[in-house]
Amino acid sequence: MPISLKGSERRKARVRKALKARAFGRPRLSVHRSGKNIYAQIIDDTSGRTLAAASSLDKGLKSALKNGATAEAAASVGKLIAERGKAAKVEEVIFDRGGYLYHGRVKALADAAREAGLKF
């Protein structure tokens, strides 16, 4: 009997499957957003390691941000993940929106990461 997944899990699996088909060995920039914060990771799927991570809970950002659930906070996290990715010698990634719509906070994070130098 096949395992039944919730709609959000199905959506996430569908997005991830499409990404793996066209990743060509590039690391994945994965985004997770909660009601209060936003998180981003650059993951190397071939070795299963996280190369860089950033969130609105990081010390420097948390004190500068009034709320971790805004587009402004997402843009700050996008800029920070791009800087940390460059420090880890990652120039090009594939963007994993994780089943979320490419809109609002997710789009703000992606745009800021692009402006800071990540290519995707």
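Treat the numbers as computed from the prediction; the structure is a model and nothing was measured.

Participant: Any chance you could break down the overall build of the protein chain for me, citing the residues and the numbers?
Facilitator: Assigned secondary structure in the protein chain consists of four helices and four strands. Tracing the protein chain from N to C terminus, the helices and strands come up as α-β-β-β-α-α-β-α. For the protein chain, whose C-alpha radius of gyration is 14 Å, the value lies close to the compact-globule estimate of 14 Å for 120 residues. C-alpha extents for the protein chain along the principal axes are approximately 50 × 30 × 20 Å. Looking at the protein chain as a whole, 38% of its 120 residues are labelled buried.

Participant: Tell me about the sheet that holds strand β4 (residues 94-96), residues and numbers included.
Facilitator: Strands in a sheet are paired, the pairing made by backbone hydrogen bonds, and the direction either parallel or antiparallel. The four strands are arranged β3-β2-β1-β4 in an open sheet whose pairing can be described as mixed. Two strands close off the open sheet at either side, each with one partner strand: β3 (49-55) and β4. Neighbour to neighbour, the strand axes of the sheet diverge by 20° on average, direction disregarded. Across six bridges, strand β1 (residues 28-33) lies against strand β2 (residues 38-44) in antiparallel orientation. Looking at the pairing, Arg 28 lines up with Ile 43 of β2. Across the sheet, helix α1 (residues 7-22) touches β1 and β4, and the angle it forms with β4 is around 175°. Each of β1, β2 and β4 is contacted by helix α4 (residues 105-115), which is oriented at about 145° to β1, the strand it contacts most.

Participant: Talk me through the environment of Glu 72; I want residue IDs and the actual numbers.
Facilitator: Mapped onto the secondary structure, Glu 72 falls in helix α3 (residues 71-87). When the C-alpha positions of Glu 72 and Arg 16 are compared, they lie 26 Å apart, and in sequence the two are 56 residues distant.

Participant: Pulling in residues and values, what's your account of unusual backbone geometry?
Facilitator: Residues other than glycine seldom take positive phi values, yet Phe 24 does so here, at roughly 55°. Note that Phe 24 resides in the loop between α1 and β1.

Participant: So what's going on with the pattern of salt bridges? Which residues, and what values?
Facilitator: Within this structure, the stated rule accounts for seven salt bridges. Note that Asp 96 and Arg 16 form a salt bridge whose closest N and O atoms lie 2.9 Å from each other. Of this pair, Asp 96 sits in strand β4 while Arg 16 is found in helix α1, placing the two residues 80 residues apart along the sequence. Residue classification places Asp 96 among the buried positions, given a relative accessible area of 0%. In this structure, Asp 111 engages Arg 114 in a salt bridge whose closest nitrogen and oxygen atoms are separated by 3.4 Å. With Asp 111 and Arg 114 both in helix α4, this residue pair falls three residues apart, about one helical turn. When its relative accessible area of 26% is taken as the criterion, Asp 111 is described as partly exposed. One network of salt bridges, with partners in common, ties together Arg 16, Arg 28, Asp 45 and Asp 96.

Reading the values: rules and limits
Residues numbered from 1 in each chain as written. Predicted model: local features only at pLDDT ≥ 70, side-chain atom pairs only at ≥ 80, totals over all residues. Heavy atoms only, no water. Helix = DSSP H or I, 4+ residues; strand = E, 2+ residues; numbered from the N terminus. Rg over C-alpha atoms; globule rule 2.2 N^0.38 Å. Buried < 20%, exposed > 50% of the residue type's maximum accessible area, 1.4 Å probe, protein only. Pairing = 2+ DSSP bridges. Axes fitted to C-alpha atoms, helices over the stretch in contact; angles between N-to-C directions. Contact = heavy atoms within 4.5 Å. Salt bridge = Lys/Arg side-chain N within 4 Å of Asp/Glu carboxyl O.

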